[in-house]
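A closer look at the structure
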Amino acid sequence: MTGHHRNGELQARVNALLALAEERGIVDREEIDRRIETLDRSVSPVNGARMVVRAWNDDGYRERLLGDAGAAAAELGVAGGGYSSEIRLHAVANTPELHNVVVCTLCSCYPLAWLGPPPAWYKSEAYRSRVVRDPRGVLAEFGTTLPDDVEVRVWDASAEARYLVVPMAPDGVDALPDDEQLAVVTRDCLIGVAVPQV
Amino acid sequence: MRLGAVAYANDVGGMHGFGDLPEDHGFESVWEAQVFALNQACVAAGVYTLDEFRHTMERIPPAQYYAMPYYERWLYAVERLLAA
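Throughout this description, residue numbers start from 1 for each chain and increase along the sequence as written. Whichever chain is written first becomes A and whichever ligand is written first becomes 1, with later ones labelled in order. Local features in this predicted model are restricted to residues of pLDDT 70 or higher, and side-chain atom pairs are both shown and tallied only at a pLDDT of 80 or more, whereas totals for entire chains, interfaces and linings draw on every residue. The side-chain figures draw on all heavy atoms in the structure; neither hydrogens nor water molecules are used.

Helix and strand labels come from DSSP, where a helix needs a run of H or I of at least four residues and a strand needs a run of E of at least two; each type is numbered from the N terminus. What chain B contains, in helices and strands, is four helices and zero strands. Counted from the first residue to the last, chain B has its helices and strands arranged as α-α-α-α. Within chain B, the fraction of its 84 residues that count as buried is 50%. Contacts: residue pairs with any heavy atoms within 4.5 Å of one another. Within chain B, contacts between residues at least 6 apart in sequence are counted, and of these 55% link residues at least 24 apart. Computed with a 1.4 Å probe, the accessible areas rest on the Shrake-Rupley method; for each residue, only the protein chains presented here act as cover. Counting only carbon and sulfur atoms, one obtains 55% of the accessible surface of chain B, whose full area is about 4000 Å². Working definition: with a 1.4 Å probe on protein chains only, accessible area under 20% of the residue-type maximum means buried, over 50% means exposed, and in between means partly exposed.

With that settled, consider helix α2 (residues 29-42) of chain A. Its 14 residues give α2(A) an end-to-end C-alpha distance of 20 Å, which sits within 8% of 20 Å, the value for a rise of 1.5 Å per residue. Among the residues making up α2(A), those that are buried are I32(A), R35(A), I36(A) and L39(A). Buried positions in α2(A), seen along its axis, are confined to an arc of 95° and lie on one side of it. The exposed set on the far side of α2(A), more than 90 degrees from its buried face, consists of E30(A) and R41(A). For α2(A), the secondary structure elements touched by its buried residues are α1 (4-23) of chain A together with α1 (30-44) of chain B. The span you would expect from a helix comes to 1.5 Å times its residue count less one. Arc, as used here, means the arc of the directions from the helix axis to the C-beta atoms.

All right, on to the pairing of strand β2 (residues 98-103) of chain A then. Residue and element names in this part refer to chain A. Summarising burial for β2: six of the six residues are buried, a large majority. Two strands qualify as a pair provided that DSSP identifies no fewer than 2 bridges between them. Strand direction decides the pairing type here: β2 and strand β3 (residues 151-156), joined by six bridges, are parallel. If you follow V103 over to β3, its bridge partner there is D156.

Once that is clear, we can look at the confidence of the model for chain B. Any region with low pLDDT has predicted coordinates that should not be read closely. One confidence number per residue, pLDDT, is output by the predictor and ranges from 0 to 100. Per-residue pLDDT for chain B averages 86, and the proportion of residues at 70 or more is 88%. Interface predicted TM-score (ipTM) for the complex: 0.82; the corresponding pTM is 0.81.

We now examine the domain arrangement of chain A. Annotation of chain A at the domain level lists domain 1 (3-41) and domain 2 (43-191). Each domain span listed reflects an automatic or database assignment of domains. Computed from C-alpha atoms alone, the centre-to-centre distance between domain 1 of chain A and domain 2 of chain A is 30 Å.

All right, on to the packing of aromatic side chains then. Within 6.5 Å between ring centres, the rings of Phe, Tyr and Trp (the latter by its six-membered ring) count as paired, and their orientation is classed by plane angle as stacked under 30 degrees, edge-to-face over 60, tilted in between. Using the criterion set out here, one finds 16 aromatic pairs over all chains in the structure. Here W121(A) and Y127(A) contribute two aromatic rings whose centre-to-centre distance is 4.9 Å and whose plane-to-plane angle is 70°, an arrangement assigned as edge-to-face. Of the two residues examined, W121(A) and Y127(A), each falls in the buried class. Taken together, F27(B), F36(B), F53(B), Y70(B), Y71(B) and W74(B) form an aromatic cluster joined through their ring pairs. Note on geometry: a ring has a charge over it if NZ (lysine) or CZ (arginine) is within 6 Å of the ring centre and within 35 degrees of the ring normal. Taking the ring centre of Y65(B) as reference, the NZ or CZ of R73(B) above it sits at 3.8 Å. Over the aromatic face of Y76(B) sits the side chain of R80(B), whose NZ or CZ is 3.6 Å from the ring centroid.

What follows is about the packing of α2(A) against α1(B). Helices that pack against each other are described as a pair by the angle of their axes relative to one another and the distance between those axes. Structural elements are reduced to axes, namely lines fitted to C-alpha atoms, with helices fitted over the stretch in contact, and the angle between N-to-C directions of any two is expressed from 0 to 180 degrees. As a packed pair, α2(A) and α1(B) sit with axes 9 Å apart at the nearest point and diverge in direction by 110°. Taken together, the axes of α2(A) and α1(B) lie roughly perpendicular to each other. Residues E31(A), I32(A), R35(A), I36(A) and L39(A) of α2(A) pack against A33(B), Q34(B), F36(B), A37(B), L38(B), Q40(B), A41(B) and A44(B) of α1(B). Polar here means any residue outside two lists: the nonpolar Ala, Val, Leu, Ile, Met, Phe, Trp, Tyr, Cys and Pro, and the charged Asp, Glu, Lys and Arg; Gly therefore counts as polar. A per-class count over the contact of α2(A) with α1(B) returns nine nonpolar, two polar and two charged. For classification purposes, an angle smaller than 35 degrees is called roughly parallel, one larger than 145 roughly antiparallel, one from 65 to 115 roughly perpendicular, and anything else oblique.

A few words on the pattern of salt bridges. Each reported salt bridge corresponds to a side-chain nitrogen of Lys or Arg within 4 Å of a carboxyl oxygen of Asp or Glu. Throughout the structure, instances matching the rule amount to 14 salt bridges over all chains. The partner of R130(A) in a salt bridge is E141(A), with the nearest N and O atoms 2.6 Å apart. Of this pair, R130(A) sits in helix α8 (residues 125-130) while E141(A) sits in helix α9 (residues 135-141), placing them 11 residues apart in sequence. You can call R130(A) buried: its relative accessible area is 15%. Using a relative accessible area of 46% as the deciding quantity, one classes E141(A) as partly exposed. Across the salt bridge formed by R80(B) and E79(B), the nearest N and O atoms sit 3.8 Å from each other.

Have a look at this one:
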């Protein structure tokens, strides 16, 4: 891990960059702070959970989500902002025969604009190298064991295409109130390394 | 396309020997969140594209790449792209 001295050095380099960006009229400190605050406050995996729970309870929404996930996110007021680029969000649905899991082997592409920054393990060389070679083994490390006859499909995200897994609704979930339904759809379920548990 | 063992340090799909998955944590320091937000702002302002940003990180020589903590790679790339 980064030591205190090293951390100070890195902070100083970032300070120099922030000053340069401000001098060149690209971005000021207030906007940097605003972006960090937005990230903390409103960009989180709960956004993805809301999309999934809505899809569980509304077939029309499910169809729209699988057809155009970005538009389906916007429908729930999930902006997907941050980068003004052409990143597209794709929703991939688990079925009794198919389980989806997401990686970015080349770096750390993730539906960040919708779900917030990825977990540390998602960005690690360990996960990126291994999940494409031994997805069942990696899933088992997360406590997720799939029957042998379920196909595992690994989606390699890119700068342009980000993936969100739509897990199957677990038995009994429809008896739960909305907020408890949301809570079963964890971030790891949206990446595909876990499945919702009631 | 992979040439020889490692053409680009980031191209690790299917490779062996990277060990266990690390513990989960968010931003560990203020500078990490700041470099993250600064990169977002630069892309949004059209200073450079997300692909240029990625490409800059991908060209970090392998030994250096693996020695850098994750967000230091970001910092390295933003420094090069902003100074250009």
